[in-house]
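Here are the chains, one letter per residue:
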Amino acid sequence: MGVLDHVSEYFDCSNGDSKRHRSLQTVDVRVLIDCEGCERKVRRALEGMKGVRDVTIEPNAQKVTVVGYVEPNKVVARIIHRTGKRAEQYPYVPYDVVAHPYASGVYDNRAPVGYVRNTEYDPHVSRLARASSTEVRYTTAFSDENASGCVVM
C-alpha cells in the first residue's frame, strides 16, 4: 500500500449519501417442506425477491439455498411472511468443519446425515465443542480408564 492509500482512509470526501453496496452471498435457510406444493410456494416467494440470483431447494435436508445480493434476515422474514411456514437460518454444517462433532449439544439426531449443529454462534452448545487444541490437551491429560497413562508423570 502506498502513502495515498493510508492518507485516504483518514480523509473521506464523500457526502455520505451513497448507498452501501451489498455483497453477493449464499444464505441457507431451514424450512419444513412436505410436498411439491410447499416447494413451489417457497420458490415463488423467493424468486420474486429483489437481489435473488438463484434458489436451490433440497426437500430431504429441509434446506433452501439462496444466492444473491440479499440479507439473511430478510430472506427468512420473506419466507415466513409469504408462505406462513416456520423458517430459520440453517443451523447445521458438515461434521468435518466442527472440531468436536460428537460433543454434547453439537450432535443432533434431527440433522441430515453427515451434518451436525454449528457451534460457532450457538451459545447453548457446551464449551468443549468450541475448545481449542490447547484446552483439549489439558482436559484429556488425565484418563480414568488408564491411570498409569498420565501425561504429566
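Residues numbered from 1 in each chain as written. Predicted model: local features only at pLDDT ≥ 70, side-chain atom pairs only at ≥ 80, totals over all residues. Heavy atoms only, no water.

*Asks:* What is the right way to look at the side chain of Lys63 in this model?
*Replies:* With respect to the helices and strands, Lys63 occurs in strand E3 (residues 63-68). Among all residues touching Lys63, those that are not within four sequence positions of it are Asp28, Val29, Thr56, Ile57, Glu58, Tyr90 and Tyr115. (Helix = DSSP H or I, 4+ residues; strand = E, 2+ residues; numbered from the N terminus. Contact = heavy atoms within 4.5 Å.)

*Asks:* What's the story with helix H3 (residues 72-83) in this structure? I'm lost.
*Replies:* One turn of an α-helix holds 3.6 residues; hence residues three or four places apart share an orientation. Between its terminal C-alpha atoms H3 stretches 17 Å, which fits the 16 Å expected from 12 residues at 1.5 Å a residue. Of the positions making up H3, those classed as buried are Val75, Val76, Arg78, Ile79 and Thr83. Angularly, the buried residues of H3 cover 160° about the axis, an arc narrow enough to put them on a single face. Exposed residues lying more than 90 degrees from the buried face of H3 are Asn73 and His81. Taken together, the buried residues of H3 touch strand E1 (25-31), helix H2 (36-47), E3 and strand E4 (87-89). Looking one or two residues past H3, Gly84 carries a phi angle of roughly 80°, positive in sign. (Expected span 1.5 Å × (residues − 1). Buried < 20%, exposed > 50% of the residue type's maximum accessible area, 1.4 Å probe, protein only. Arc of directions from axis to C-beta.)

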